[in-house]
Amino acid sequence: GPLPNMTNPTIGIYAAIILASTLLALLAVSTLDRSYTTKHHGHQSDQIQQLMHQVSELQAKILHKDGRDAAVDTSVPGRGLQATAQNSTASCDCNLHDGYTYASDFGVIGDADADDGPALQAAIDSAASNDDSGGTVILPRGTFRTNTTLIIPGGVTLQGMGYGSSPLAIKFDAGASTIAYCGTDHAVKLTGHAASLRDLAVYDWPYTGCEEIQAAGGVLVEADQALVESVIVSNVFIYYFLGGPALSLVAKNAGGVPFGNFQNVRIRHAKTGIFLSADETSFVNTNSFLGGGISGGAFESGIYAEGPGSCNDNKFYGMFIEPPDTTLTHVYVTGSKTNIRLHDVRLEATDKSLDRPIVIVDDSSYGNVMNGMLGHTHVQANLNRNPGIDLMSQKSVGLDPAPVNKFWNAAFKGWDGPKRMMPGWKLVGSNAHIAVLDEPE
């Protein structure tokens, strides 16, 4: 609770009583020391009785000052102190709050039928503006249908009870909190510094009147003419957004999305898993994605990063990207100011044909870093501009271009047989003998 105001005279007297009681205890212990003479012992007993009498008088003054009717028995040492302490505790008006805003207090139902959007947005807006309730909205167990986009402003956290017992499908169990979106925009938008989404599922709801409605996307971090910094999305399951990206970081009109933190975000069945985009005047930089993964079907791409603005130094650690196939590719990077960093990432595509790359880095992009496990097919990239790509596959060669290699294209990539041309090399005369092995069947 709040600390007492020590400038209050009554509280000051309480403190004096506590100090006096401590002294009483010390004196009582000292009387047990056998090294003292009977004379000294008797003298200390007199001191104890005198001090107890003074304490009792102080107690009487306190009760009189506060107008209490409780009587203090001063005949027994310490009894008056106990009574005063009890009266003091009983009369404390602490006016405490627990620091949370509860969505249930605003009328959310969570039965998957009623539109809980207005009530849930009211709870979020209250948390943003009310210092007493704090910036965290607690979403209980249930399936909360929303027909409009939830807007989470800066400093507000929407906190659920978890997303259930399965990372592969919505199970509606184990205390799960599910936002079931039935609309054509994005289900959730985070629009301010330190906005946060935690411990819940976001679902493009395909039932009860929503069968023909498809969302534009799942969770959107949007910076439009603004800076949206240090957003957190943690332990969130984003499911079935077949009409757009499951998770998007988008900056436009001189906006910026830097320094976000995305932990254990599971994405299942979507058009695009994670979409990063900055227009010419904006930037999406230095965001971190820790763990989590992208899986399921219907994907065009797992990660898609584009410019033309600065969209770089976005890092992915320990993630898996394993749709059986993607119509474009699992990872696509384009733009002269765009690159990504994949560290210890697992890439698999069990149904992708060997002639289709699992990673495509457009020739305009450079400085990409990629390492980890490449389970199927190959990488399409200019490795001279991206020497940090270390994903090995059946189509990889054993020569990695070094950043300081004086021979550009030392790995002899891009040979054009009919024209006898090799990027980075000039063949003078006709006496150069070049043999190209047939590709294995």
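Before going into details, it helps to say that this report is about the structure given with it. Keep in mind that what you see is a predicted model, and the values were worked out from it rather than measured.

1. Observations regarding the state of the cysteines
Step number 1: If you walk through the whole model with that rule in mind, you get one disulfide.
Step number 2: Paired through a disulfide, C182 and C210 show a sulfur-sulfur distance of 2.0 Å. Handedness here is read from the sign of the S-S torsion; for C182 and C210, about -110°, the answer is left-handed. Linking C182 in the loop between β7 (177-181) and β8 (186-190) with C210 in the loop between β9 (196-204) and β10 (217-224), this pair joins segments that are 28 residues apart in sequence.

2. What about the pattern of salt bridges?
Step number 1: Applying the stated criterion to the full structure yields eight salt bridges.
Step number 2: The residue D325 makes a salt bridge to R356 at a minimum N-O spacing of 3.1 Å. Here D325 is found in the loop between β20 (320-321) and β21 (329-334), whereas its partner R356 is found in the loop between β22 (338-347) and β23 (359-361), with 31 residues between them in sequence.
Step number 3: For D325, a relative accessible area of 28% gives the class partly exposed.

3. Examining the pairing of strand β24 (residues 369-374)
Step number 1: Where β22 meets β24, five bridges bridge the pair, whose relative direction is parallel. Of the residues in β24, the one forming a bridge with L347 is L374.

4. Some thoughts on the packing of aromatic side chains
Step number 1: All told, the structure shown has twelve aromatic pairs when counted by the stated rule.
Step number 2: For the ring pair Y203 and Y240, a centre distance of 6.4 Å and an interplane angle of 90° mean the geometry is edge-to-face. Taken together, the residues span a long stretch of sequence, with Y203 in strand β9 and Y240 in strand β11 (residues 232-252) at a distance of 37 residues.
Step number 3: A relative accessible area of 5% means that Y203 is categorised as buried.
Step number 4: Centre to centre, the rings of F262 and F289 are 4.7 Å apart; their planes meet at 15°, and the pair counts as stacked. With F262 in strand β13 (residues 261-263) and F289 in strand β16 (residues 288-290), this pair connects stretches of sequence that are 27 residues apart. The exposure classification of F262 matches that of F289, with both residues buried.
Step number 5: An aromatic cluster is built from Y163, Y203, W205, Y207, F237, Y239 and Y240, whose rings are joined through pairwise contacts.

5. With respect to a nonpolar patch on the surface
Step number 1: A contiguous nonpolar patch, built from L427, I434 and V436 and spanning about 220 Å² of accessible area, is present on the exposed surface.
Step number 2: Checked against the element boundaries, V436 lands in the segment after β26 (388-389).
Step number 3: V436 gets classed as exposed once you look at its relative accessible area, which sits at 52%.

The rules behind these values
- Residues numbered from 1 in each chain as written.
- Predicted model: local features only at pLDDT ≥ 70, side-chain atom pairs only at ≥ 80, totals over all residues.
- Heavy atoms only, no water.
- Disulfide = S-S within 2.5 Å.
- Helix = DSSP H or I, 4+ residues; strand = E, 2+ residues; numbered from the N terminus.
- Salt bridge = Lys/Arg side-chain N within 4 Å of Asp/Glu carboxyl O.
- Buried < 20%, exposed > 50% of the residue type's maximum accessible area, 1.4 Å probe, protein only.
- Pairing = 2+ DSSP bridges.
- Phe/Tyr/Trp six-rings, centres within 6.5 Å; stacked < 30°, edge-to-face > 60°.
- Patch = residues over 30% accessible without salt bridge, like charges linked within 9 Å, V, L, I, M, F, W, Y side chains within 5 Å.
- Areas by Shrake-Rupley, 256 points an atom, 1.4 Å probe, with all protein chains shown as cover.

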